[in-house]
Amino acid sequence: MTANSRGSELANLSPEFYQAPYGVYREVRDNTPLCQQSDGSFFISRYEDAASILKDHQSYSSDKKIDFKPKFGDGPLYEHHTTSLVFNDPPYHTRVRRLLAPFFTPRTLKALEVNVADMIDTLLDQAEDAGTIDLVNDFANAIPLNLIGDMLGIPGDEREPLRNWANVILGGLEPSLTPEQLATGNDSVEAFKDYLRDLIAWKRSRLSARAETDILSALLADHDSPDGLSELELMHNCIFLLNAGHDTTTTLISNGMDLLLRFPDQMALLRNDPALMKTAVEEMLRYESPLQIGNRRATVEVTLHDQLLPAGTFLHIGIAAANHDERQFPEPEAFDITRTPNRHLAFGNGIHICAGNSLARMEASLAFSKLLARFARIEQAGPTLRPDRARFRVISKLPLSLAA
């Protein structure tokens, strides 16, 4: 990916960009803040523009029924990504979000916190015995996978395939796909739906015994209400919950630890003052935003940087670029766990702000608090490996050596 007179070209990304995108983003912010792509779309890189667009759901649509058709055709990936909560506008978005809202209240988070803490302790017991850990696969992946599994009432011994399905389905949102990736993504959606059909049938016969935090059973119980979800809507929004909750938290914890290792003075500061955990997590979210690029389509004629854009113009929202904008964040390339204010856009803005943002923050805070308290020595035991992903800031492997 390079910055040029047309802007940042998402269809032609370099291997170097995937590993270190922020220098390119700065060049684009400074020179072409409204960056036209070869397909006629535009890349948005400045904070003020991104925050305004994300907040204005009337002028900018999240619905992807038009945009995903050329990419996915009529297959399962298209069905999933146009039925789940995130890629829809009101009134559908409002209806689904209202049904999910009770599961992300402070009361529910409090009820879940004990289970998350116990889960983390168990994972760290295993890490202490081994003396080494792959932070991604042995720790960061396991926490949200098991928590969302608990919230959906998925039996513990049936969760392992869900991780791969989630990664493949979300991978389908990258700017470009090979035919093999498209086929694997479609197969993963179908496999996930087949699993959920069986789980839904099993749960329907046991609704009277459902747990307070069992989202799937609660949504099934509301099936006949005026706002109730059809079975297809239910399946795709359960897939979305697992995918979004799993991917965001895994990448937050993985990137957060990578940052602490890259900036050891900040790790030492956090060890010495655990009260900084809240601002530390916010800075991790800003510096290495889990979702790097979002999208909107203009529903009306809009003007950006003195250029008139017709209704229907497709926009790539550079969340990561905006979160490194020096116009909003002094010294944005400094990782500063005391940074305040820190009005980053990692979880979006407006009505589409991530419904599970408080859950992700809670999981990450507990993970880092317990990890730093348990181990006096945390050292990198191998390179941080990142796959070539532009939309999500993913780490695939981060080996650590640990000592209490």
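Residues numbered from 1 in each chain as written. Predicted model: local features only at pLDDT ≥ 70, side-chain atom pairs only at ≥ 80, totals over all residues. Heavy atoms only, no water.

Caption draft 1: Representation of the pattern of salt bridges. Applying the stated criterion across every chain yields a total of 30 salt bridges. Notably, a salt bridge pairs E283 with R339, separated by 3.1 Å at the nearest N-O pair. With E283 in helix α15 (residues 277–287) and R339 in the loop between α16 (319–322) and α17 (357–374), the pair connects residues that are 56 residues apart, well separated along the chain. Residue class for E283 comes out buried when judged on its relative accessible area of 0%. Given a relative accessible area of 8%, R339 falls into the buried group. Taken together, the shared-partner salt bridges connect R26, R29, D30, D325, E326 and R327 into one network. (Salt bridge = Lys/Arg side-chain N within 4 Å of Asp/Glu carboxyl O. Helix = DSSP H or I, 4+ residues; strand = E, 2+ residues; numbered from the N terminus. Buried < 20%, exposed > 50% of the residue type's maximum accessible area, 1.4 Å probe, protein only.)

Caption draft 2: Broad picture of the packing of aromatic side chains. Considering all chains together, one arrives at twelve aromatic pairs under this definition. Here Y47 and F329 contribute two aromatic rings whose centre-to-centre distance is 5.6 Å and whose plane-to-plane angle is 90°, an arrangement assigned as edge-to-face. With Y47 in helix α3 (residues 47–55) and F329 in the loop between α16 and α17, this pair connects stretches of sequence that are 282 residues apart. For F329, a relative accessible area of 1% gives the class buried. An angle of 85° between the planes, with centres 5.9 Å apart, marks the rings of Y287 and F335 as edge-to-face. Residue Y287 is found in helix α15, and its partner F335 is found in the loop between α16 and α17; the two are separated by 48 residues along the sequence. Members of the aromatic cluster, each reached through a chain of ring pairs, are F17, Y18, Y22, Y25, F43, F263, Y287 and F335. The ring centre of F329 lies 5.3 Å from the NZ or CZ of R286, which sits over that ring. (Phe/Tyr/Trp six-rings, centres within 6.5 Å; stacked < 30°, edge-to-face > 60°. Lys NZ or Arg CZ within 6 Å of the ring centre and 35° of its normal.)

Caption draft 3: Quick peek at the packing of helix α9 (residues 142–151) against α17. Contact pair α9 / α17: the axes reach a minimum separation of 11 Å and the direction vectors enclose 135°. When the axis of α9 is compared with that of α17, the two are oblique. Crossing of α9 over α17 shows right-handed handedness. From α9, I143, P144, L147, I148 and M151 reach across to α17, where they touch L359, E363 and A367. (Axes fitted to C-alpha atoms, helices over the stretch in contact; angles between N-to-C directions. Parallel < 35°, antiparallel > 145°, perpendicular 65-115°, else oblique. Left-handed = near helix turned anticlockwise from the far one by under 90°. Contact = heavy atoms within 4.5 Å.)

Caption draft 4: Region of interest: unusual backbone geometry. A cis geometry characterises the amide bond from P90 onward to P91, with omega recorded as 10°. For D306, which is not a glycine, the phi torsion comes out positive at approximately 65°. When you line up the elements, D306 lands in the loop between β6 (302–304) and β7 (307–309). Backbone geometry places E331, a non-glycine residue, at a positive phi of 45°. On the secondary structure map, E331 appears in the loop between α16 and α17.

Caption draft 5: Summary view of the sheet that holds strand β4 (residues 132–134). Spatial strand order, β4-β10-β9: three strands in an open sheet with antiparallel pairing. In the strand order of this sheet, the two ends are held by β4 and β9 (377–380), each with one partner. For this sheet the average axis-to-axis angle between neighbouring strands, irrespective of direction, equals 25°. Across four bridges, the pairing between β9 and strand β10 (residues 399–403) is antiparallel. Paired with E379 across the two strands is S401, which belongs to β10. (Pairing = 2+ DSSP bridges.)

Caption draft 6: Here's a closer look at the sheet that holds strand β1 (residues 34–36). Read across the sheet, five strands follow the order β1-β2-β8-β5-β3 without closing on themselves; strand pairing throughout is mixed. Looking at which strands have only one partner, the edges of the open sheet turn out to be β1 and β3 (60–61). The sheet contact formed by β1 and strand β2 (residues 42–44) spans three bridges and is antiparallel. Following the sheet pairing, C35 is matched in β2 by F43.

Caption draft 7: Local environment of the nonpolar core. Core analysis: the biggest nonpolar cluster contains 94 residues, and F139 and M257 have the highest contact counts within it. Per element, the largest residue contribution to this core is 13 residues, and it comes from helix α13 (residues 231–262). Among all residues touching M257, those that are not within four sequence positions of it are L135, M267, F368, L371, I378, L398 and L400. With 19 residues, the next largest nonpolar core counts F42, I44, V302 and L315 among its residues. (Core = buried A, V, L, I, M, F, W, Y, C linked by side-chain atoms within 4.5 Å.)

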